[in-house]
Amino acid sequence: LYSYEIYNKIILSTSTLSSPALLAGGFGPVNRACYGIGYEITKDLARFSVSTYLNDGNEMTSALEESLTDIKRVVQHNKEQ
């Protein structure tokens, strides 16, 4: 039972919202201790929505933005090599 509880403790739940049929959308957390992140990635943009029941949604959004900036830096650096 213990491993089942650990395995089912979802803290990050994501889903793509990339479809020509969608103009916008969101993806919710699957439990009270989870973050839900919906994302759309196209040739021209990357769009994300963060939702949570926790009180640190702004911090999670900032961490996501910082991570994406780091990834962009790495990709640009590799292109220059």
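Given the structure is predicted, the values throughout are model-derived calculations rather than measurements.

With that settled, consider the overall build of the protein. Broken down by element type, the protein carries two helices and three strands. When its helices and strands are written in sequence order, the protein yields α-β-β-β-α. For 81 residues, the compact-globule estimate of 2.2 N^0.38 gives 12 Å, and the protein exceeds it by more than 25% at 16 Å. Looking at the protein as a whole, 14% of its 81 residues are labelled buried.

The predicted structure's coordinates, where accompanied by low pLDDT, should not be read in detail. Across the protein, the average pLDDT comes to 88, with 99% of residues at 70 or higher. Confidence scores differ between elements of the protein, with helix α1 (residues 2–7) showing the lowest mean pLDDT of 79 and helix α2 (residues 57–80) the highest of 94.

This part is about the environment of Pro29. Note that Pro29 resides in the loop between β1 (12–16) and β2 (35–41). Considered as a pair, Pro29 and Ile11 are 18 residues apart in the sequence and their alpha carbons are 8.3 Å apart. If we ignore the near neighbours within four places in the chain, the residues touching Pro29 are Cys34, Tyr35, Gly36, Ser51, Thr52 and Tyr53.

On to the pattern of salt bridges, then. In this structure the tally under the stated criterion is two salt bridges. As a salt-bridge pair, Arg47 and Glu40 come within 3.3 Å of each other at their nearest N and O atoms. The exposure class of Glu40 is buried, given its relative accessible area of 14%.

Following the criterion strictly, the structure yields one aromatic pair and no others. One cation-aromatic arrangement involves Arg32 over Tyr53; the distance from NZ or CZ to the ring centre is 4.1 Å.

Our focus in this paragraph is the sheet that holds β1. Strand order in the open sheet formed by three strands is β1-β2-β3, and the pairing between neighbours is mixed. Two strands bound the open sheet, and with one partner strand each, they are β1 and β3 (46–52). Between one strand and the next, the sheet's axes are offset by a mean angle of 20 degrees, whatever the strand orientation. The pairing of β2 with β3 spans seven bridges and is antiparallel. Opposite Ile41, over in β3, you have Ala46 as the bridge partner. With respect to the sheet, α2 is in contact with β1, β2 and β3, its orientation differing from that of β3 by roughly 155 degrees.

Parameters and conventions
- Residues numbered from 1 in each chain as written.
- Predicted model: local features only at pLDDT ≥ 70, side-chain atom pairs only at ≥ 80, totals over all residues.
- Heavy atoms only, no water.
- Helix = DSSP H or I, 4+ residues; strand = E, 2+ residues; numbered from the N terminus.
- Rg over C-alpha atoms; globule rule 2.2 N^0.38 Å.
- Buried < 20%, exposed > 50% of the residue type's maximum accessible area, 1.4 Å probe, protein only.
- pLDDT = per-residue confidence, 0-100.
- Contact = heavy atoms within 4.5 Å.
- Salt bridge = Lys/Arg side-chain N within 4 Å of Asp/Glu carboxyl O.
- Phe/Tyr/Trp six-rings, centres within 6.5 Å; stacked < 30°, edge-to-face > 60°.
- Lys NZ or Arg CZ within 6 Å of the ring centre and 35° of its normal.
- Pairing = 2+ DSSP bridges.
- Axes fitted to C-alpha atoms, helices over the stretch in contact; angles between N-to-C directions.

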